[in-house]
Amino acid sequence: MIIDVRKATKEQSAEIARLIMMAMTDDCCLHFCGEGYGLPDFHRMMTRLVELEQSQYSYGNTLVAMADSKVVGVAVSYDGSLLHELRQAFIEHARECIGKDHSGMADETQGGELYLDSLAVSPEYHHMGIATQLLKATKKKADDMGLPLVGLLVDKGNPAGEALYSSVGFRYANDSQWGGHPMKHLVW
């Protein structure tokens, strides 16, 4: 099977949102929701955020892995120095769509790195090297943008994810926290 990694399009927003939520995990998505809101509400919000140009989850920040005409993987990344500007859309949409104020959220990245916010591959396409292709394409994106590092957070309870990242060149930078979970900040 041939997998083609390319820039995403706006028309792929709902599929991209689904995969971002997979990367976040259901527990984490629900952590972001206000009382009375659930995963369908979060998916609607994320789809809207992917459709926007000025959002950390924008299709413009996304690489997709395609198997024929199907989106089977995503890598969402952006210049860490733009976090506050790009996060505004999430804060505004979270208030409106999932009833919660996230304006006090801690920073997960900073300037000097292309921040890999979300990486996910559909379960039926696991163990085919797609995540590795997406990671290498993200590193190329950082190089093309003149950013010296790709940074990401990996849950301390995800040794398989950490092994994947290490296998392509990521190394430990420091400890972090995100979405209520202890994380490791890795850089490449």
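Being a predicted model, the structure only gives us computed values, none of them experimental. (Residues numbered from 1 in each chain as written. Predicted model: local features only at pLDDT ≥ 70, side-chain atom pairs only at ≥ 80, totals over all residues. Heavy atoms only, no water.)

Right, let's talk about the side chain of Lys139 for a bit. Topologically, Lys139 is positioned in helix α5 (residues 130-145). Apart from residues no more than four positions distant in its own chain, Lys139 is found in contact with Pro148, Val150 and Trp188. (Helix = DSSP H or I, 4+ residues; strand = E, 2+ residues; numbered from the N terminus. Contact = heavy atoms within 4.5 Å.)

Here we take up the sheet that holds strand β4 (residues 113-121). Note on sheets: strands pair through backbone hydrogen bonds, and any given pair is parallel or antiparallel. Strand order across the open sheet formed by seven strands is β1-β2-β3-β4-β5-β7-β6, with mixed pairing between neighbours. Among the strands making up the open sheet, the edge pair consists of β1 (3-7) and β6 (171-178). Averaged over all pairs of adjacent strands, the angle between their axes in this sheet comes to 25 degrees, without regard to strand direction. Two strands pair when backbone bridges link them, and β4 and strand β5 (residues 149-155) are joined in this way by three bridges, in the parallel orientation. Its bridge partner being in β5, Glu113 is matched across the sheet by Leu149. Against the sheet, helix α1 (residues 13-24) makes contact with β2 (62-67), β3 (70-79), β4 and β6, and its axis sits at roughly 70 degrees relative to β3, the strand it touches most. (Pairing = 2+ DSSP bridges. Axes fitted to C-alpha atoms, helices over the stretch in contact; angles between N-to-C directions.)

Glancing now at unusual backbone geometry. Note: most peptide bonds trans; most residues except glycine with negative phi. Although it is not a glycine, Thr25 adopts a positive phi angle of roughly 80 degrees. Assignment of secondary structure puts Thr25 in the loop between α1 and α2 (26-32). Even without being glycine, Asp68 reaches a positive phi, approximately 60 degrees. Turning to its location among the elements, Asp68 is positioned in the loop between β2 and β3. When its relative accessible area of 74% is taken as the criterion, Asp68 is described as exposed. (Buried < 20%, exposed > 50% of the residue type's maximum accessible area, 1.4 Å probe, protein only.)

With that settled, consider the pattern of salt bridges. Following the criterion strictly, the structure yields twelve salt bridges and no others. Among the ionic pairs, Arg44 bridges to Asp41, the shortest N-O distance being 2.6 Å. Pair noted here: Arg44 and Asp41 are both in helix α3 (residues 39-51), with a separation of three residues, about one helical turn. Note on Asp41: relative accessible area 19%, which makes it buried. Taking the shortest distance from any N to any O, the salt bridge between Glu96 and Arg48 comes out at 3.0 Å. (Salt bridge = Lys/Arg side-chain N within 4 Å of Asp/Glu carboxyl O.)

So, on to the environment of Thr62. Mapping Thr62 onto the fold places it in strand β2. By relative accessible area, Thr62 is classed as buried at 2%. Residues Thr62 and Met45, spaced 17 residues apart in sequence, show a C-alpha to C-alpha distance of 17 Å. Not counting residues up to four positions away in its chain, the partners in contact with Thr62 are Arg6, Lys7, Ala8, Ile16, Tyr57, Val74, Ala75 and Val76. Here Ser58 takes part through its backbone oxygen, which lies 2.9 Å from a polar atom of the side chain of Thr62. (Polar contact = N/O pair within 3.5 Å; in protein donor to acceptor, adjacent residues only side chain to side chain.)

In this structure, Ala142 sits in helix α5. Take Ala142: its relative accessible area is 0%, and that puts it in the buried class. Expressed as a C-alpha distance, the spacing of Ala142 and Gly111, which sit 31 residues apart in the sequence, is 12 Å.

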